[in-house]
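For reference, the chains in residue letters:
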Amino acid sequence: MHVNQAINAIKQLNIEIKNIAKQKRQAQENQRQEVINQAINELLNNLLTLPSGQFSMGCDHGVACKDKEIPAHSVFITSFRVMTTEVTFALWDACVISGECKVQPDDEGWSRGDRPVIGISYLDIVEQFIPWLSRVTGNHFRLPSEAEWEYAARAGSASQYSWGNSISCSKARYGNYSGDCGNARKTVPVKSYRANDFGLYDMHGNVWEWTQDCWKDSYNGAPNNGKAWQSGNCTSRVLRGGSWVNNPGYLRSADRNYRPASRRYSDNGFRLVQE
């Protein structure tokens, strides 16, 4: 009788241990899902619809234009929805937690959370992050075209920057290499500076932002309908906006840059468009 009681007690103990383990796993899953949901909700509340409009794309503001920025050309943009900030570590980490994003970028010791995610390539974004985000939200996301990006950055302006032709460290995060804005080798949290007239943050500086477009070294033959340029050097993609590293010239609305689509840098980030 005592043996049977002992066996039953052991069985009951095993059941209780299994139940505790199950509850712990469920609590961890609930916590994981809460982190993911919070990040997604933050994104969905961080979208802004820009109006249709026509603008002059490229360099035509009276400064020495670079060959890659000319000829300036008129482009019509159809209304689109865009993130008001760059994608943050919080949102990228939600994709990692979900198991869909395999790349867990280093924050360089600067902290994660509401800083723009860095150290991700164009291919990481289009092959991992965007498919996950589109699936879990039921909406279709993509990178902006280069034309959409410049239209959003200019926010109706024709000046070098959306606010005018001069820049200061109170306007944007830039100038690490030159020491213009101090020697802190890092980004700043999104929304650290005033938004442009469209309500978009950090279109100038903080991190370079990937776009859809393949690289072309001038605007000869560029589309005038706001669509991405999908011919040329498609192993490299266009980045816009300049970063915490760069001198002011790289932050101009007209400036263009490119990097290999597979490469990851500590001054590259992105924002998304929702279709």
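Above this note sits the structure.
Here's what I pulled together on the structure shown here. Keep in mind it's a predicted model, so treat the numbers as computed, not measured.

Here we come to the pattern of salt bridges. Tallied over the entire structure, the rule returns 15 salt bridges. Its salt-bridge partner being Asp255, residue Arg252 comes within 3.6 Å of it at the nearest N-O pair. The two residues Arg252 and Asp255 agree in class, both being buried. A network of salt bridges, in which partner residues are shared, links Glu146, Glu150, Arg154, Arg240 and Arg256.

Reading across from one edge, β1-β4-β10-β5 is the order of the 4 strands in this open sheet, with antiparallel pairing throughout. The sheet terminates laterally at β1 (47-50) and β5 (141-142), the two strands that pair on one side only. Bridging between strand β4 (residues 80-83) and strand β10 (residues 273-274) involves 2 bridges; their strand directions are antiparallel. Its bridge partner lying in β10, Val82 is registered against Val273. Packed onto the sheet, helix α4 (residues 146-154) meets β1, β4, β5 and β10 and runs at close to 75° relative to β4.

A word on the sheet that holds strand β8 (residues 257-260). Taken in spatial order, the 4 strands line up as β8-β7-β6-β9 in an open sheet, and their pairing is mixed. The sheet is open, and its two borders are formed by β8 and β9 (268-269), each paired with just one other strand. Note that strand β6 (residues 208-215) and β9 share 2 bridges and pair parallel. Counted as the bridge partner of Trp208 is Asn268 from β9.

Applying the stated criterion across every chain, the model contains 11 aromatic pairs. Taken together, a centroid distance of 5.6 Å and an interplanar angle of 50° make the contact between Tyr151 and Phe198 tilted. Of this pair, Tyr151 sits in helix α4 while Phe198 sits in the loop between α4 and β6; the two residues are 47 residues apart in sequence, bridging distant segments of the chain. Residue Phe198 is classed as buried on the basis of its relative accessible area of 19%. In this structure an aromatic cluster arises from ring pairing among Trp92, Phe129, Trp132 and Phe270. Directly above the ring of Tyr250 sits Lys66, whose terminal nitrogen or CZ lies 4.7 Å from the centroid. A cation over an aromatic ring shows up here: Arg259 above the ring of Tyr265, its NZ or CZ 4.1 Å from the ring centre.

Let's shift gears to the state of the cysteines. A complete count under the given rule lists 4 disulfides for this structure. Here Cys59 pairs with Cys65 through a disulfide, and the sulfurs are 2.0 Å apart. Its torsion about the S-S bond being -75°, the disulfide of Cys59 and Cys65 is classed as left-handed. Judged by its relative accessible area of 4%, Cys59 is buried. The class of Cys65 is partly exposed, set by a relative accessible area of 31%. A sulfur-sulfur distance of 2.0 Å marks the disulfide that ties Cys169 to Cys181. Disulfide Cys169-Cys181: the torsion about the S-S bond is -90°, which places it as left-handed. Taken as a pair, Cys169 in the loop between α4 and β6 and Cys181 in the loop between α4 and β6 lie far apart in primary sequence, 12 residues in all. Across the chain, the way the bonded cysteines pair up, counted in sequence order, is 1-2, 3-4, 5-6, 7-8.

Procedures and definitions
- Residues numbered from 1 in each chain as written.
- Predicted model: local features only at pLDDT ≥ 70, side-chain atom pairs only at ≥ 80, totals over all residues.
- Heavy atoms only, no water.
- Salt bridge = Lys/Arg side-chain N within 4 Å of Asp/Glu carboxyl O.
- Buried < 20%, exposed > 50% of the residue type's maximum accessible area, 1.4 Å probe, protein only.
- Pairing = 2+ DSSP bridges.
- Helix = DSSP H or I, 4+ residues; strand = E, 2+ residues; numbered from the N terminus.
- Contact = heavy atoms within 4.5 Å.
- Axes fitted to C-alpha atoms, helices over the stretch in contact; angles between N-to-C directions.
- Phe/Tyr/Trp six-rings, centres within 6.5 Å; stacked < 30°, edge-to-face > 60°.
- Lys NZ or Arg CZ within 6 Å of the ring centre and 35° of its normal.
- Disulfide = S-S within 2.5 Å.

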